[in-house]
Amino acid sequence: QVQLVESGGGLVQAGGSLRLSCAASRSTFGSNTMGWYRQAPGNQRELVASITSGGSTTYTDSVKGRFTISRDNAKNTVYLQMNSLKPEDTAVYYCNLRSIYLNVWGRGALVTVSS
């Protein structure tokens with residue numbers, strides 16, 4: 001079973017930056033999509049950004065131009081560079097790996113943006 005481990009969360013002031021990392025415990029065969037989701041208190045989990053094994057990306061509108069998702073297939077790792085952070089970005093950020101065979105979640109990384 002593949003496991004995902006997130007790192008890089010923390011406390012930052014509004015306007016600051018953080019980079020989240022998510023490492024998979026092993027490589028997966030075939031195409032897959034890795035994504036970052038977030039869940040703020042009282043809200044549903046929402047997709048923030050995703051990237052396919054071929055490098056195609058999608059972003060939710062609220063983070064376009066501020067967040068960048070990337071992946072290093074050799075390291076089985078996906079990153080989320082978050083710039084110009086806003087208090088409304090405060091949430092637990094979850095990494096997800098999805099393929100035809102798998103749907104795996106990490107435990108989450110807390111990101112807190114102070115005003």
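Here is what the cut-offs are and how they apply
- Residues numbered from 1 in each chain as written.
- Predicted model: local features only at pLDDT ≥ 70, side-chain atom pairs only at ≥ 80, totals over all residues.
- Heavy atoms only, no water.
- Core = buried A, V, L, I, M, F, W, Y, C linked by side-chain atoms within 4.5 Å.
- Buried < 20%, exposed > 50% of the residue type's maximum accessible area, 1.4 Å probe, protein only.
- Helix = DSSP H or I, 4+ residues; strand = E, 2+ residues; numbered from the N terminus.
- Contact = heavy atoms within 4.5 Å.
- Disulfide = S-S within 2.5 Å.
- Salt bridge = Lys/Arg side-chain N within 4 Å of Asp/Glu carboxyl O.
- Phe/Tyr/Trp six-rings, centres within 6.5 Å; stacked < 30°, edge-to-face > 60°.

### Quick notes on the nonpolar core
Inference 1: Within the largest apolar cluster, 28 residues are counted, with the highest numbers of intra-cluster contacts made by L4, W36, L80, M82 and Y93.
Inference 2: Elements with a minimum of two residues in this core: strand 3 (18–24), strand 4 (33–39), strand 5 (46–52), strand 7 (67–72), strand 8 (77–82), strand 9 (91–98) and strand 11 (109–114).
Inference 3: Here L4 is in contact with C22, A23, A24, M34, C95, N96, L97, V104, W105, G106 and R107, once residues within four sequence places are set aside.

### Here we look at the state of the cysteines
Inference 1: A full pass over the atoms with the stated rule returns one disulfide.
Inference 2: Put simply, C22 and C95 are joined by a disulfide, and their sulfur atoms are 2.1 Å apart. Across the disulfide from C22 to C95, rotation about the S-S bond amounts to roughly -85°, and the bridge is consequently left-handed. With C22 in strand 3 and C95 in strand 9, this residue pair connects regions lying 73 residues apart in the sequence. Comparing C22 with C95, the two get one shared label, buried.

### Some details on the pattern of salt bridges
Inference 1: If you walk through the whole model with that rule in mind, you get four salt bridges.
Inference 2: A salt bridge links D89 to R38; its shortest N-O distance comes to 3.0 Å. Of this pair, D89 sits in the loop between strand 8 and strand 9 while R38 sits in strand 4, and the two are 51 residues apart along the sequence.
Inference 3: A relative accessible area of 7% means that R38 is categorised as buried.
Inference 4: Among the ionic pairs, K64 bridges to D61, the shortest N-O distance being 3.0 Å.

### With respect to the packing of aromatic side chains
Inference 1: Counted by the stated rule, this structure contains one aromatic pair.
Inference 2: Seen from their ring centres, Y37 and W105 are 4.9 Å apart, and the 65° between their planes marks the pair as edge-to-face. With Y37 in strand 4 and W105 in strand 10 (residues 103–105), this pair connects stretches of sequence that are 68 residues apart.
Inference 3: Here Y37 falls in the buried class, since its relative accessible area comes to 16%.
Inference 4: Under the relative-accessibility criterion, W105 is labelled partly exposed at 33%.

### A short note on unusual backbone geometry
Inference 1: A positive phi angle is found at N76, which is not glycine, with a value near 55°.
Inference 2: With respect to the helices and strands, N76 occurs in the loop between strand 7 and strand 8.
Inference 3: Classification of N76 as partly exposed rests on a relative accessible area of 22%.
Inference 4: In this structure, S84 takes a positive phi of about 50° despite not being glycine.

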